[in-house]
Structure formats: structure tokens, C-alpha cells
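What follows is each chain in one-letter form.
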Amino acid sequence: MTDADLLQSLGVDPAHLDPAPPWTPRGTAEIGRLKARHPCLRCGAQSTVAGAVDVPGLGRRWVDRCMPCLVATTPRGGPQKPLEDIAAAIREAAREAGATVTIVTDGA
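First, a word on scope: everything that follows refers to the structure included in this document. (Residues numbered from 1 in each chain as written. Predicted model: local features only at pLDDT ≥ 70, side-chain atom pairs only at ≥ 80, totals over all residues. Heavy atoms only, no water.)

**Quick look at the overall build of the protein**
Convention followed: Helix and strand assignments come from DSSP, with helices taken as H or I runs of at least 4 residues and strands as E runs of at least 2, each series counted from the N terminus. The globule rule is 2.2 Å times the number of residues to the power 0.38, and the radius of gyration it is compared with is taken over C-alpha atoms. Two residues qualify as a contact provided that any one of their heavy atoms is within 4.5 Å of a heavy atom in the partner residue. Each accessible area value is a Shrake-Rupley result obtained with a 1.4 Å probe; residue values ignore everything except the protein chains displayed when judging cover. The charged-residue count follows a simple rule in which Lys and Arg add positive charge and Asp and Glu add negative charge, with His and chain termini not counted at all. Charge coordinates come from a single atom per side chain, which is NZ of Lys, CZ of Arg, CG of Asp or CD of Glu.
Secondary structure assignment for the protein yields four helices and two strands. Order of helices (α) and strands (β) in the protein, N terminus to C terminus: α-α-β-β-α-α. Here the C-alpha radius of gyration of the protein, 21 Å, is well above what a compact globule of 108 residues would show, namely 13 Å. If you line up the protein on its principal axes, its C-alpha atoms span 60 × 30 × 25 Å. Intrachain contacts of the protein at a sequence separation of at least 6 include 47% that bridge at least 24 residues. Of the roughly 7,500 Å² that the protein leaves accessible, carbon and sulfur atoms contribute 57%. The protein carries 12 positive and 12 negative side-chain charges, and their two centres are separated by 9 Å.

Okay, structure coming up:
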């Protein structure tokens, strides 16, 4: 998920987000942000996760979320490949390794 996708899923206008400082290696800015007790952008509850996104033309902006909203807006993997493609990749890997495989599916 791109930063733009995240903001769209949250329904947030990036111009309304607070400016965030440059990235820090130990997350010290994020810790400071959490201590300031900002509301979740999605539901308004107290945020428990502070992150930043890069917005073209605006720079880095804070994205504050509570844990339930973080979970609700975190992708759970990308598009799934068709079963035939996955099976072909397994067969090819087995062939290269000199192994024999039998793939059993439910026929769906």
C-alpha cells in the first residue's frame, strides 16, 4: 500500500495533517508524538501508533491511529496469483531441486 492509498483508505485530506519531521533511525519523533496524545485520524480515539507519510508537495505528514484502526487499514497481503501459477512455480522449483512433488487440490 502506498502512502496515497493509506490516506485514501483513511479518508484524510493530507493538507490537514500535521507536518512531521524527517525520519529518525530510532523512532524518537514517533515516541514524542505518542506522548503528545493525538487523536486517531479515523475514529478520534487516542492514538497508539504514530507514523508519517510522504505527501508530494507537502512533505512528511503525521498519521496517528489507534490500534483497531491500524489493523483495519493495514493490508493483509497483495493480490493472490491463480492456483495454476502457484502450482507451476512449485513444480519448477521441485524440478530444479531434483525432487518429485505431488500437488493435491480440492478441485476448486
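**Some points on the pairing of strand S1 (residues 49-55)**
Residues in a regular strand point their side chains to alternate faces of the sheet. Counted only if it meets this: Pairing between strands requires that DSSP locate at least two bridges from one strand to the other.
Pairing analysis gives seven bridges linking S1 to strand S2 (residues 59-65), with the strands arranged antiparallel. In the sheet register, Asp54 faces S2, and the bridge partner there is Arg60. Where S1 folds back onto S2 in an antiparallel hairpin, the turn is made up of three residues, including Gly57, whose phi is positive at roughly 85°.

**Some remarks on the nonpolar core**
We apply this condition: We define the nonpolar core as a collection of buried residues of types Ala, Val, Leu, Ile, Met, Phe, Trp, Tyr and Cys that are connected through side-chain atoms lying within 4.5 Å of one another. For the exposure calls, accessible area comes from a 1.4 Å probe over protein chains only, and a residue counts as buried if that area is under 20% of its type's maximum, exposed if over 50%, partly exposed in between.
Membership of the largest hydrophobic core is limited to eight residues, which are Leu6, Leu7, Leu10, Val12, Leu17, Val53, Val55 and Val63. Contributions of two or more residues to this core are made by helix H1 (3-10) and S1. At three residues, H1 tops the list of elements feeding residues into this core. Residues in contact with Val53, not counting those within four places in the same chain, are Asp3, Leu6, Leu7, Gly59, Arg60, Arg61 and Val63.

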